[in-house]
Amino acid sequence: MALDDDVLPDPERLAGVGDVADIAALQDTERHPLYVAATRARDRLMLTGVAPGSEFLEDIH
């Protein structure tokens, strides 16, 4: 749920990071719950959000 652009990744957490390497690590941490949900779904997976969607949705295509 809430795969909106202003929810995932969390903009407040991203704003607090200055180093590019730390941003990449934080994005991986933010992406992890979506990955777990998508890989554990057996029969169906429902993703919801309001446009514009999270940048992480592009990884699913």
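Located above this text is the structure these notes cover.
Predicted model, so just to flag it, every value in this text is computed and none were measured.

*Asks:* Provide a residue-level description of the overall build of the protein, including the pertinent values.
*Replies:* Secondary structure summary: the protein contains 2 helices and 0 strands in total. Among the 61 residues that make up the protein, the fraction classed as buried is 15%. In the protein, of all internal contacts separated by at least 6 residues, the share reaching a separation of at least 24 is 62%. A gap of 15 Å separates the mean positions of the 5 positive and 13 negative side-chain charges of the protein.

*Asks:* Can you lay out a negative patch on the surface for me, pointing to particular residues and giving the numbers?
*Replies:* Taken together, the side chains of D5, D6, E55 and E58 make up a negatively charged region of the molecular surface. If you trace the backbone, E58 turns up in the segment after α2 (20–40).

*Asks:* Can you lay out unusual backbone geometry for me, pointing to particular residues and giving the numbers?
*Replies:* Residue P9 follows L8 across a cis peptide bond; omega there is 0°. Along the polypeptide, P9 turns up in the segment before α1 (11–15). In this chain, A51 is followed by P52 through a cis amide linkage whose omega measures 0°. Residue placement: P52 occurs in the segment after α2.

*Asks:* Give a description of the side chain of E30 that names residues and reports values.
*Replies:* Residue placement: E30 occurs in helix α2. In contact with E30, other than residues within four places in its own chain, are L8, P9, D10, R13 and F56.

*Asks:* Summarise the side chain of D4; cite the residues concerned and give the values.
*Replies:* When you line up the elements, D4 lands in the segment before α1. In this structure D4 is buried but unpaired, with R31 as the nearest side chain of opposite charge at 16 Å. Non-local contacts of D4, meaning those with residues more than four positions away in its chain, are made with G49, V50, P52, G53 and S54.

*Asks:* Now, about the environment of L14: what can you tell me, with residues and values included?
*Replies:* Its location among the elements puts L14 in helix α1. Sequence separation between L14 and L26 is 12 residues, and the spatial gap between their C-alpha atoms is 7.4 Å. Beyond its immediate stretch of four places on either side in the chain, L14 contacts P9, I23, L26 and Q27.

Calculation notes
Residues numbered from 1 in each chain as written. Predicted model: local features only at pLDDT ≥ 70, side-chain atom pairs only at ≥ 80, totals over all residues. Heavy atoms only, no water. Helix = DSSP H or I, 4+ residues; strand = E, 2+ residues; numbered from the N terminus. Buried < 20%, exposed > 50% of the residue type's maximum accessible area, 1.4 Å probe, protein only. Contact = heavy atoms within 4.5 Å. Lys, Arg positive; Asp, Glu negative; His and termini not counted. Charge placed at Lys NZ, Arg CZ, Asp CG, Glu CD. Patch = residues over 30% accessible without salt bridge, like charges linked within 9 Å, V, L, I, M, F, W, Y side chains within 5 Å. Areas by Shrake-Rupley, 256 points an atom, 1.4 Å probe, with all protein chains shown as cover. Salt bridge = Lys/Arg side-chain N within 4 Å of Asp/Glu carboxyl O.

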